[in-house]
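Understanding the architecture of this molecule
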Amino acid sequence: KQEVTQIPAALSVPEGENLVLNCSFTDSAIYNLQWFRQDPGKGLTSLLLIQSSQREQTSGRLNASLDKSSGRSTLYIAASQPGDSATYLCAVGRYDGNKLVFGAGTILRVKS
Amino acid sequence: KAGVTQTPRYLIKTRGQQVTLSCSPISGHRSVSWYQQTPGQGLQFLFEYFSETQRNKGNFPGRFSGRQFSNSRSEMNVSTLELGDSALYLCASRAPGQGNYGYTFGSGTRLTVV
């Protein structure tokens, strides 16, 4: 059974810092991995999608990497801003990509 | 283009009642999935529909059911509501092409059972 773990559970940083969020999964037979952001009481906003054959994806200040063999992904946020404050969720798509298994999330607070 | 639309945004129901939630996917998306989010269990997969057929189902009791219509719109039904069914219910849709595309989520329906 696929299990996804996110570390740390919460993170508080001053504005401008670069930071790394970690995601690990137990079954390396994944189809893809997707990072989401969730603001309080809201739905999920997709940030980055990495296919199992890819090593990383970049969008603006965000960079996500994937090491399938070790069961790890990281989300790198450069020059953090208060608007980045949210919960960040990692989700792994199984072999057919048709079901996502989510981690518990990392609650990020960027202080101005 | 319009995103995934879920209605209603908020619902308050009494134990024992039933409820129906609606999801309209992005135009052209044929895969619709439902997830339940609670503080204790996080995000859990309920079921996935593709071309009006349930393709996958999570580990939820039979009180949770769904369907998809020919226009890809989907509904989720929960019968005999329990207090523990209080949650944010999220719907997601995806473009055709297996897992080559990521999921787009709606804003969710917040269900409170009293």
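Right, let's walk through the structure included here. (Residues numbered from 1 in each chain as written. Chains lettered and ligands numbered in written order. Predicted model: local features only at pLDDT ≥ 70, side-chain atom pairs only at ≥ 80, totals over all residues. Heavy atoms only, no water.)

Moving on, we come to the packing of aromatic side chains. Under the criterion given, the structure shown has eight aromatic pairs over all chains. Judged by centre distance (5.8 Å) and plane angle (40°), the ring pair of A:Phe36 and A:Phe102 falls under tilted. Residue A:Phe36 is located in strand β4 (residues 32–38), and its partner A:Phe102 is located in strand β10 (residues 100–102); the two are separated by 66 residues in the primary sequence. The exposure class of A:Phe36 is buried, given its relative accessible area of 0%. When the ring of A:Phe102 is compared with that of B:Phe105, the centres are 6.1 Å apart and the planes differ by 75°; the resulting orientation is edge-to-face. Of this pair, A:Phe102 sits in strand β10 while B:Phe105 sits in strand β10 (residues 104–105), on two different chains. Take A:Phe102: its relative accessible area is 8%, and that puts it in the buried class. Three or more aromatic residues joined by ring pairs form one cluster here, namely A:Phe36, A:Phe102, B:Tyr35, B:Phe45 and B:Phe105. Its guanidinium or amino end placed over the ring of B:Phe50, B:Arg55 lies 4.3 Å from that ring's centre, counting from NZ or CZ. (Phe/Tyr/Trp six-rings, centres within 6.5 Å; stacked < 30°, edge-to-face > 60°. Helix = DSSP H or I, 4+ residues; strand = E, 2+ residues; numbered from the N terminus. Buried < 20%, exposed > 50% of the residue type's maximum accessible area, 1.4 Å probe, protein only. Lys NZ or Arg CZ within 6 Å of the ring centre and 35° of its normal.)

Among the structural elements, B:Glu48 can be located in strand β5 (residues 42–50). Side chain to side chain, B:Glu48 and B:Ser31 meet in a polar contact 2.8 Å long. A distance of 3.0 Å separates the side chain of B:Glu48 from the side chain of B:Asn56, its partner in a polar contact. Once residues lying within four places of it in the same chain are set aside, the contact partners of B:Glu48 are A:Asn98, B:Ser31, B:Val32, B:Ser33, B:Thr53, B:Gln54, B:Arg55 and B:Asn56. (Polar contact = N/O pair within 3.5 Å; in protein donor to acceptor, adjacent residues only side chain to side chain. Contact = heavy atoms within 4.5 Å.)

The next subject is the layout of surface pockets. Estimates place the volume of the largest pocket at around 550 Å³. Every residue lining the largest pocket is counted, 19 residues in all, and those nearest its centre are A:Lys1, A:Gln2, A:Val101, B:Leu43 and B:Gln44. Secondary structure elements with two or more residues in the lining of the largest pocket: β10 of chain A together with β5 of chain B. A total of four residues in the lining of the largest pocket trace back to one element, the largest contributor, which is β5(B). (1 Å grid on protein atoms, 1.4 Å probe; cavity = no way out; pocket = protein on both sides within 12 Å on 5 of 7 lines; lining within 4 Å. Points joined across faces, edges and corners; volume = space filled by probe spheres on them.)

Once that is clear, we can look at the pattern of salt bridges. Residue and element names in this part refer to chain B. Going through the model one piece at a time under the given rule, you end up with seven salt bridges over all chains. Residues Glu 82 and Arg 63 are paired through a salt bridge, measuring 3.6 Å at the closest nitrogen-oxygen approach. Of the two residues, Glu 82 is situated in the loop between β8 (74–78) and β9 (87–94) and Arg 63 in the loop between β6 (53–57) and β7 (64–68); the sequence distance between them amounts to 19 residues. Among the residues examined, Glu 82 registers a relative accessible area of 42% and is labelled partly exposed. Between Arg 67 and Glu 75 there is a salt bridge, and its shortest N-O distance comes to 3.3 Å. A residue is classified by how much of its surface remains accessible, and Arg 67, at 47% relative accessible area, is partly exposed. For Glu 75, a relative accessible area of 17% gives the class buried. What emerges from the salt-bridge pattern is a single network uniting Arg 63, Glu 82 and Asp 85. (Salt bridge = Lys/Arg side-chain N within 4 Å of Asp/Glu carboxyl O.)

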